[in-house]
Amino acid sequence: MAQQTLEVTQATTLKEKPDAATLEFGKHFSDHMFMMNYTSEEGWHHPRIVPYQPLTMDPSAMVFHYGQTVFEGLKAYRSSDGHVRLFRPEENFRRLNQSCDRLCIPTVNEEAMLDYLKEYVKLDKEWIPSEPGTSLYIRPFIISTEPTLDVSPSRTYTLMIILSPVGSFYKGGIDPVSIFVEDEFTRAAPGGTGNAKTAGNYSGAYKAQNRAAGHQKAQVLWLDGVEKRYIEEVGSMNVFFKIDGEIHTPALNGSILEGITRKSVIELLESEGMPVRERKISIDEIIAANESGSLQEVFGTGTAAVISPVGGLEYKDRDYVINNGEMGETASWLHETLVGIQTGELDDPFGWSVVLER
Ligand SMILES: *Cc1c(COP(=O)(O)O)cnc(C)c1O
């Protein structure tokens, strides 16, 4: 697909912006949305920015029935000098295409998508909050639209991007979360769709999420789908362990989502001379390390929270406290460093940020 002209239709009335102090995740949306269509004859075509509006769809559209859909999540930050930065956006479009491939959705032109996204974020840049900890969450997604109940890949799709100002994940400081080790329901299985950002992985997790909430735990710790023994992820985050001064994380195995924050954390630690060991990690090993005092830190990584320390876990009806329920030094350093790079307050030696003109 050669790059096509981006058509822009400006909204005639602009919405009122929410108060940055009370922002919740994904409740408010900006004035415009990005759209593009796919047909087998024309490929991806007609990229456009239009006023944010509801869609009209045929009730038989395939996405409603069989969930052939993929999404992404990334953020734009406004720094104190007024510049707008996207954090590693080319990684998100690369992963979008990996998800597309798994779901039999036609892939997109990654470079063209990044250009469209830059134009779109610039148009709605007033929606990027500037208070510490706030950002503009960017949600690209693709839905299958062919009107048929046939169980096969759709021949038509719509790609959209919407923008949502989000507040600090940690209002009033970073509070470590407690997690529930789920040993009945699983999130993903070998050969399944666990490493794709596709809707069914998330709705299939609600049952376990509800059970964790019933135990006053904020997140689910997912175990592997075969033996229910090896650690995969925590909620919708990748997970890291500090044991005897070394950092460990589950190796990518096809059922774990390949997080961009995970990748960034590994690269950051490596550049500090702290190589991360990517391997199979069993829940028994973690419980034993905690009992013996060698488990120093547990934290999750993802775009929404960046770094989320874990202060306790429940496994087989027993509660365990991790690091006195406090955030550890590695998690603190990673959080400060990553957020500093993302917002432009710290140098960006890796060239991760894409800076938009003011
Ligand atoms: C998106 C996601 C992550 C984190 O990925 P980031 O690119 O770091 O935001 C981890 N696990 C799951 C299941 C996810 O959907």
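Residues numbered from 1 in each chain as written. Predicted model: local features only at pLDDT ≥ 70, side-chain atom pairs only at ≥ 80, totals over all residues. Heavy atoms only, no water.

Peer 1: Just to check I follow, could you spell out the overall build of the protein for this structure?
Peer 2: On a plain count of helices and strands, the protein comes out with eight helices and 18 strands. Radius of gyration (C-alpha) of the protein: 21 Å, near the 21 Å computed for a compact globule of 358 residues. In terms of overall dimensions, the protein has a C-alpha envelope of 60 × 50 × 35 Å along the principal axes. Per-residue burial over the protein gives 52% buried out of 358 residues. Across the protein, the fraction of contacts at a sequence separation of at least 24, relative to all contacts at a separation of at least 6, is 71%. Total accessible area on the protein stands at roughly 16200 Å², and carbon and sulfur atoms take up 48% of it. Between the mean site of the 33 positive side-chain charges and the mean site of the 51 negative ones, the protein shows a separation of 2 Å. (Helix = DSSP H or I, 4+ residues; strand = E, 2+ residues; numbered from the N terminus. Rg over C-alpha atoms; globule rule 2.2 N^0.38 Å. Buried < 20%, exposed > 50% of the residue type's maximum accessible area, 1.4 Å probe, protein only. Contact = heavy atoms within 4.5 Å. Areas by Shrake-Rupley, 256 points an atom, 1.4 Å probe, with all protein chains shown as cover. Lys, Arg positive; Asp, Glu negative; His and termini not counted. Charge placed at Lys NZ, Arg CZ, Asp CG, Glu CD.)

Peer 1: Could you clarify how one ought to interpret a nonpolar patch on the surface in this entry?
Peer 2: Taken together, the side chains of Tyr66, Leu149 and Val151 make up a nonpolar region of the molecular surface, amounting to roughly 330 Å² of accessible area. Considering the arrangement of structural elements, one finds tyrosine 66 in helix H1 (residues 63–66). (Patch = residues over 30% accessible without salt bridge, like charges linked within 9 Å, V, L, I, M, F, W, Y side chains within 5 Å. Salt bridge = Lys/Arg side-chain N within 4 Å of Asp/Glu carboxyl O.)

Peer 1: Mind showing me how you'd approach the pattern of salt bridges here?
Peer 2: Counted according to the given criterion, the structure contains 21 salt bridges. For glutamate 146, the salt bridge identified is with arginine 155, shortest N-O distance 2.9 Å. Overall, glutamate 146 belongs to the buried group, its relative accessible area being 12%. Note on arginine 155: relative accessible area 53%, which makes it exposed. Between arginine 229 and glutamate 227 there is a salt bridge, with the nearest N and O atoms lying 3.4 Å from each other. Look at glutamate 227 and you get partly exposed, because its relative accessible area is 45%. Through salt bridges with shared partners, one network takes in Arg88, Glu91, Arg94, Lys263 and Glu267.

Peer 1: Sorry, what's going on with the packing of aromatic side chains here?
Peer 2: For any pair of aromatic rings, the description rests on two quantities: the centre-to-centre distance and the angle between the ring planes. Using the criterion set out here, one finds nine aromatic pairs in the structure. Here phenylalanine 29 and tyrosine 52 contribute two aromatic rings whose centre-to-centre distance is 5.6 Å and whose plane-to-plane angle is 10 degrees, an arrangement assigned as stacked. Here phenylalanine 29, found in the loop between strand S1 (7–8) and strand S2 (32–39), pairs with tyrosine 52, found in the loop between strand S3 (43–51) and H1; they are 23 residues apart in sequence, far enough to count as distant. Residue phenylalanine 29 is classed as partly exposed on the basis of its relative accessible area of 24%. (Phe/Tyr/Trp six-rings, centres within 6.5 Å; stacked < 30°, edge-to-face > 60°.)

Peer 1: Whenever I open this one, unusual backbone geometry confuses me. Can you help?
Peer 2: Residues other than glycine predominantly adopt negative phi, and peptide bonds predominantly adopt the trans conformation. Residues other than glycine seldom take positive phi values, yet histidine 46 does so here, at roughly 55 degrees. Residue placement: histidine 46 occurs in strand S3. Since its relative accessible area comes to 34%, histidine 46 is described here as partly exposed. With phi around 55 degrees, asparagine 324 is a residue other than glycine that occupies positive phi space.

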